[in-house]
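Observations on chain architecture
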Amino acid sequence: MSPSEHTNSTVPSRTHPAARRPGRLRVRVDAGPVIDVALDTSAAVTFGRSRAAQVVISDQSVSKVHFSLRAVDGGVELEDLGSKNGTWVGERRVRRMTLLPGDRLWAGEVCLQLIDVDHVDVEVAPAHEWGLLHGHSVVMRELFATLAKLASAPADVLIQGEPGTGKELAARSIHRASARSEGPFVVLDCAALPLSLADPLLFGFCRSAFPDADADRAGVFEQANGGTLLIDDIDRLAPELQSKLLRVLEQRRVCRLGQPDHVRDLDVRVIAISRRDLASEVRAKRLREELLLCIAHASVRLPALRERDQDMFMLAQRILSELAAADQPCMSLADDAMALMGAYDWPGNVRELDHTIRRSALACRDRVIRSEDLEFGAPRSWAHKLNLDGPTRDYDTLHEAVDRLYLPRVLAECKTISAGARQLGITRDRLRGKLRALGLWGDSESVRP
């Protein structure tokens, strides 16, 4: 783990309650000794051949950074990191799945076994929301407690997370909860920053600094003085600009174009956000290591929706409540819609969930959102693949294919709930919940035909 990454304390404070989550696991590589690995929700633990991985596996069949393990709701998530020889569980090459103690996986020709998972007490916020963020899960309430501490501290912050996880909402929430809340909140979008206009936008200019400069203009750093500057997609910043940005961040001083002798001191907090793993960007030499160290005085990672799946239906209901408050009819989710939502992996995360629910609310009948009303933004889940197997896309047949037919078929092949859950990449409790919602789970703990 990089020294710049923020590590959450496992000692509960006196002002916040404690909760338990996976915090340490024991793994065995081939026939070697058992290795203890600490898990932190702010970062995954990487395994690979390179010293850049936190757990080094010295075998040529293993990629430099092969796979990662991360604590999530319901267990430990395995994710392949684009390895050459793949990560395998049983006969399946997997991209991502939830592991249980006793599971074995193969990285190239190396066998690893998850021996055990220990839980730790972590500090969590008492409320189910913080600023503009919402969540009941332990991973989110732990995040809320961390963000509250960061808001009261003067340090710059790096926020990482997949698209749609709410990185800008987290940044705005930090600003609102900080002593700078009355100051400006300025956004610099590096992805939309043209190289030819970068200097005047970043540093400002005085009149006549260049032919089109007809007035004095402050750059984004000056505009954010006394407040917060959000640097969005910092990994997209051109290499030519990274050195200039680093100099300003280190010196907290800026000169407008055309005024090289007029130095302006800055009082600004910087929050940088990125959808990419910036440590990987540094290893690929696309981002300067000095810049990462400069912006990551504290670092947090926002969890993907699949890592906090118990929040999914709470968030969906919140969206429906917002629609009802906007004078739209009250709506509800049918059981088959919830089953299909639970089977989807939500690559667009909370943003995709929001768009899906709002779009479905317009299409549904009788104020009930059913499975046939759901249209997902990216057809990447097995639920969508099954949708294409039949002669029609109507979910009068899709519902039967995905849930009533597919789930019993998986369990018939796997024999047990545990094996079926591993096959689907979900927890046993989540699989039982799906079966109960469809009336496929009996008191005898067997799947009904």
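Structure shown above.
Only a predicted model underlies this, so the values are computations on that prediction, with no experimental measurement involved. (Residues numbered from 1 in each chain as written. Predicted model: local features only at pLDDT ≥ 70, side-chain atom pairs only at ≥ 80, totals over all residues. Heavy atoms only, no water.)

Concerning the overall build of the protein
Helix and strand content of the protein: 14 helices and 24 strands. In the protein, which comprises 449 residues, the share counted as buried stands at 53%. Taking contacts inside the protein between residues at least 6 apart in sequence as the whole, the part at least 24 apart equals 61%. Working note: accessible area of the protein is about 21,200 Å², and carbon and sulfur atoms make up 48% of it. (Helix = DSSP H or I, 4+ residues; strand = E, 2+ residues; numbered from the N terminus. Buried < 20%, exposed > 50% of the residue type's maximum accessible area, 1.4 Å probe, protein only. Contact = heavy atoms within 4.5 Å. Areas by Shrake-Rupley, 256 points an atom, 1.4 Å probe, with all protein chains shown as cover.)

Remarks on the sheet that holds strand 18 (residues 228–232)
On the basis of which strands lie adjacent, the open sheet formed by five strands has the order 15-18-21-14-22 and parallel pairing. At either end of the open sheet lies a strand with only one pairing partner, and these are strand 15 (185–189) and strand 22 (298–301). Averaged over all pairs of adjacent strands, the angle between their axes in this sheet comes to 20°, without regard to strand direction. On the sheet, helix 1 (residues 138–152) packs against strand 14 (157–160), strand 21 (269–274) and strand 22 and is oriented at approximately 155° with respect to strand 22. (Pairing = 2+ DSSP bridges. Axes fitted to C-alpha atoms, helices over the stretch in contact; angles between N-to-C directions.)

So, the packing of helix 8 (residues 312–325) against helix 9 (residues 335–343)
Orientation of helix 8 relative to helix 9, taken along the N-to-C sense of each, is 125°, at an axis distance of 11 Å. Considering the angle they form, helix 8 stands oblique to helix 9. Crossing hand, helix 8 versus helix 9: right-handed. Two secondary-structure elements touch here, helix 8 through M312, F313 and A316 and helix 9 through M338, M341 and G342. (Parallel < 35°, antiparallel > 145°, perpendicular 65-115°, else oblique. Left-handed = near helix turned anticlockwise from the far one by under 90°.)

Here's the deal with the nonpolar core
Counting residues in each nonpolar core, the largest one holds 33 residues, and the members touching the most others are F221, L229 and I231. Sorting the residues of this core by element identifies strand 15, helix 3 (198–203), helix 4 (220–223), strand 18, helix 5 (239–251), strand 21, helix 6 (278–283) and helix 7 (289–295) as the ones contributing at least two each. Here the element with the most residues in this core is helix 5; it accounts for five residues. Those residues in contact with I231 that sit more than four places away from it in its chain are L188, C190, L245, V270, I271, A272 and I273. Counting residues in each nonpolar core, the second largest holds 25 residues, with V29, L78, M97 and A107 among its members. (Core = buried A, V, L, I, M, F, W, Y, C linked by side-chain atoms within 4.5 Å.)

Focus: the packing of aromatic side chains
What the rule picks out here adds up to two aromatic pairs. Measuring from ring centre to ring centre gives 4.6 Å for F47 and F67, while their planes differ by 10°; the resulting arrangement is stacked. Taken as a pair, F47 in strand 3 (residues 45–48) and F67 in strand 5 (residues 67–72) lie far apart in primary sequence, 20 residues in all. The two residues F47 and F67 agree in class, both being buried. Residues Y344 and W346 carry aromatic rings whose centres are separated by 4.9 Å and whose planes lie at 75° to one another, so their mutual orientation is edge-to-face. For Y344, a relative accessible area of 3% gives the class buried. Its relative accessible area of 1% is what places W346 among the buried residues. (Phe/Tyr/Trp six-rings, centres within 6.5 Å; stacked < 30°, edge-to-face > 60°.)

Concerning unusual backbone geometry
With a phi angle near 50°, D30 is a residue other than glycine that sits in the positive phi range. You can see D30 is positioned in the loop between strand 1 (18–29) and strand 2 (34–38). Take D30: its relative accessible area is 43%, and that puts it in the partly exposed class. Even without glycine at this site, K285 takes up a positive phi of about 65°.

Remarks on the side chain of S63
Among the structural elements, S63 can be located in the loop between strand 4 (55–56) and strand 5. Note on S63: relative accessible area 14%, which makes it buried. Within the structure, S63 has its side chain in polar contact with the backbone nitrogen of K84 (distance 3.0 Å). With residues up to four places along the chain from it excluded, the contact list for S63 reads G48, R49, S83 and K84. (Polar contact = N/O pair within 3.5 Å; in protein donor to acceptor, adjacent residues only side chain to side chain.)

A closer look at the sheet that holds strand 10 (residues 104–107)
The antiparallel open sheet is built from six strands, whose spatial order is 2-1-11-10-7-8. Lying at the two open borders of the sheet, with one neighbouring strand each, are strand 2 and strand 8 (92–93). In the sheet, strand 7 (residues 87–89) pairs with strand 10 via two bridges, with the strands oriented antiparallel. If you follow T87 over to strand 10, its bridge partner there is A107. Running at roughly 60° to strand 11 (residues 110–123), helix 1 makes contact with strand 1 and strand 11 of the sheet.

As for the packing of helix 8 against helix 10 (residues 349–363)
Between helix 8 and helix 10, the least distance of the axes is 10 Å, while the angle of their chain directions is 50°. Put simply, helix 8 runs oblique to helix 10. Along this stretch, helix 8 crosses helix 10, giving a crossing that reads as right-handed. Across from M312, L315, A316, I319, L320, E322 and L323 in helix 8, the residues of helix 10 making contact are V350, L353, D354, I357, R358 and A361. In terms of residue class, the contact of helix 8 with helix 10 is built from 10 nonpolar, no polar and three charged. (Nonpolar A, V, L, I, M, F, W, Y, C, P; charged D, E, K, R; others polar.)

A look at the environment of Q242
Here Q242 lies in helix 5. Sequence-wise, Q242 and E290 are 48 residues apart; in three dimensions their C-alpha atoms are separated by 9.5 Å. Those residues in contact with Q242, other than ones at most four positions away along the chain, are L237, R286, L287, R288 and L291. Of the polar contacts made by the side chain of Q242, one reaches the backbone oxygen of R286; its length is 3.1 Å. Side-chain polar atoms of Q242 contact the backbone nitrogen of R288, separated by 2.9 Å.

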